Amino acid sequence: MTSNPKRFVLVGAGGIGTWLAAGLVRLLEWKYPGSALIIVDGDNYEAKNKERQDFSKIGNKAVVKAHELTPQFPNTMIIPIPKWVVSDDYSGVADDESPKITATQLLNENDVVFAVVDNFAARKIIFDAASKLNNIDVFTGGNDDHLFGSIYHYQKRDGVEVTEHPVHFHPEYESPPDKNPGELSCQERSEIEGGTQLLATNMAVASFILGRVHKTIVNDQNPEETEIYFDLGLGKSEPYNRTVISTNQYTTV
Amino acid sequence: MESNFNNGSAQQKTGMANVRFGVYNQPSNIAGKSVQEAREQFSKLWGIPTDAVAYKGKDKLDENYVIQPGDNVEFHRRAGEKG
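What this report covers is the structure whose coordinates are included nearby.

Focus: the overall build of chain B
- Across its full length, chain B holds two helices and five strands.
- Along chain B, from the amino end to the carboxyl end, the secondary structure elements read α-β-β-α-β-β-β.
- In terms of its C-alpha atoms, chain B occupies a principal-axis envelope of roughly 45 × 25 × 20 Å.
- Counting over 83 residues, chain B shows a buried share of 35%.
- Restricting the contact set of chain B to residue pairs at least 6 apart, pairs at least 24 apart contribute 60%.

A look at the sheet that holds strand β3 (residues 54-56) of chain B
Residue and element names in this part refer to chain B.
- Strand order across the open sheet formed by five strands is β2-β1-β5-β3-β4, with mixed pairing between neighbours. Each edge of the sheet is formed by a strand with only one pairing partner; in this case those strands are β2 (24-31) and β4 (59-61). Direction aside, neighbouring strands of the sheet carry axes that sit 35° apart on average.
- Pairing geometry for β3 and β4, over three bridges, is antiparallel. The partner of Ala54 across the bridge, within β4, is Leu61.

Here's the deal with the nonpolar core
- Leu10(A), Val11(A), Leu20(A), Ile39(A), Val113(A), Phe114(A) and Ile126(A) are the most contacted members of the largest nonpolar core, which has 62 residues in total.
- Looking at this core, the element that brings in the most residues is helix α7 (residues 199-218) of chain A, giving nine residues.
- Once you skip the residues sitting within four places of it in the chain, Phe114(A) turns out to touch Phe8(A), Val9(A), Leu10(A), Val11(A), Leu20(A), Phe139(A) and Ile209(A).
- With 16 residues, the next largest nonpolar core counts Val19(B), Ile30(B), Val35(B) and Ile48(B) among its residues.

Points about the interface of chain A and chain B
- Across the boundary between the two partners, chain A contributes 35 residues, which contact 13 residues of chain B.
- Elements with a contribution of two residues or more to the side of chain A that touches chain B: β9 (136-143), β10 (148-157), α5 (171-174), α7, β12 (227-231) and β13 (236-240) of chain A.
- Among the elements that take part in the side of chain A that touches chain B, β10(A) stands out by supplying four residues, more than any other.

Some words on the packing of helix α1 (residues 17-31) of chain A against α7(A)
Residues and elements named next belong to chain A.
- Axis separation between α1 and α7 bottoms out at 8 Å; the angle between their running directions is 25°. Judged by the angle between their axes, α1 and α7 are roughly parallel. In the packing of α1 onto α7, the handedness of the crossing is right-handed. When α1 is examined against α7, the residues Trp19, Leu20, Gly23, Leu27 and Lys31 are found in contact with a partner set consisting of Asn202, Met203, Ala206, Ile209, Leu210, Val213 and Val218.
- For the contact of α1 with α7, a count of residues per class yields nine nonpolar, two polar and one charged.

Parameters at a glance
- Residues numbered from 1 in each chain as written.
- Chains lettered and ligands numbered in written order.
- Predicted model: local features only at pLDDT ≥ 70, side-chain atom pairs only at ≥ 80, totals over all residues.
- Helix = DSSP H or I, 4+ residues; strand = E, 2+ residues; numbered from the N terminus.
- Buried ≥ 20, exposed ≤ 12 C-beta atoms within 10 Å, placed from the backbone.
- Contact = placed C-beta atoms within 7 Å.
- Pairing = 2+ DSSP bridges.
- Axes fitted to C-alpha atoms, helices over the stretch in contact; angles between N-to-C directions.
- Core = buried A, V, L, I, M, F, W, Y, C linked by C-beta atoms within 7 Å.
- Parallel < 35°, antiparallel > 145°, perpendicular 65-115°, else oblique.
- Left-handed = near helix turned anticlockwise from the far one by under 90°.
- Nonpolar A, V, L, I, M, F, W, Y, C, P; charged D, E, K, R; others polar.

Quick look at the structure:
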């Protein structure tokens, strides 16, 4: 199956993002040749990340990952943006050591966005910017330090929200308990603990998101399983319907 | 914040409602009980935090809200943060 080229925007190339990138680039290469995968991350890959992240060398995560994927997937344009995503009203310093891009500058109509950063503050910036566009999909996902994780799919079509903004169900998006690393100083960023996440949970988040992409983007089906919680320890997952409107536009297979 | 604490007819209805928290989803004979009572019933079993807000759809429920038959009461589970 082939279709019109797409623009996938992956924000965060870390424990989830690197595994997600591997799936997204293959999807684009074979289902949507001529598409673009934009990888956005202001952070650098370090040896301490090796246990959970898929990189072949040290350097900026977006640049290294783009260089790794480009020769393998000639039908997909892979574009690194080695910058931190910040809000429109960010007034801090954007220098060579900490380059920034606003979410509004980054996102375009019809983008499919993957916000797999490790904090609610940056995800909120991305969701808020996306909510001002008419046609957009934003997938996000995260996990705890153990075997629990969750994903969420925000979708708008023709200016109408198909699924709700997650702020309606999650106070952590209304008042994020964390800070966007892109809006911290280099010193402050270096002091953030990476935690003790598990590779299996990172990969499961990436897999759940890929599954949703297959259903709602490739097959253009109803995103009624808008939010999914899972626990690999319990062997359970649970979908939540966060749709806003009657989505008769979708076909049933 | 939705509340029906003073609605006498609402308090008398009993029957099945659905209680959810993260990966847990349990139809239960809990209609007629308050959100607070439902929290007490399921908190130890599922680990629901004492400050987890209860929702019915997008509406936040008061602790004294009396659960109605067919309600879908969801205790907020914080989304996965790291990645």
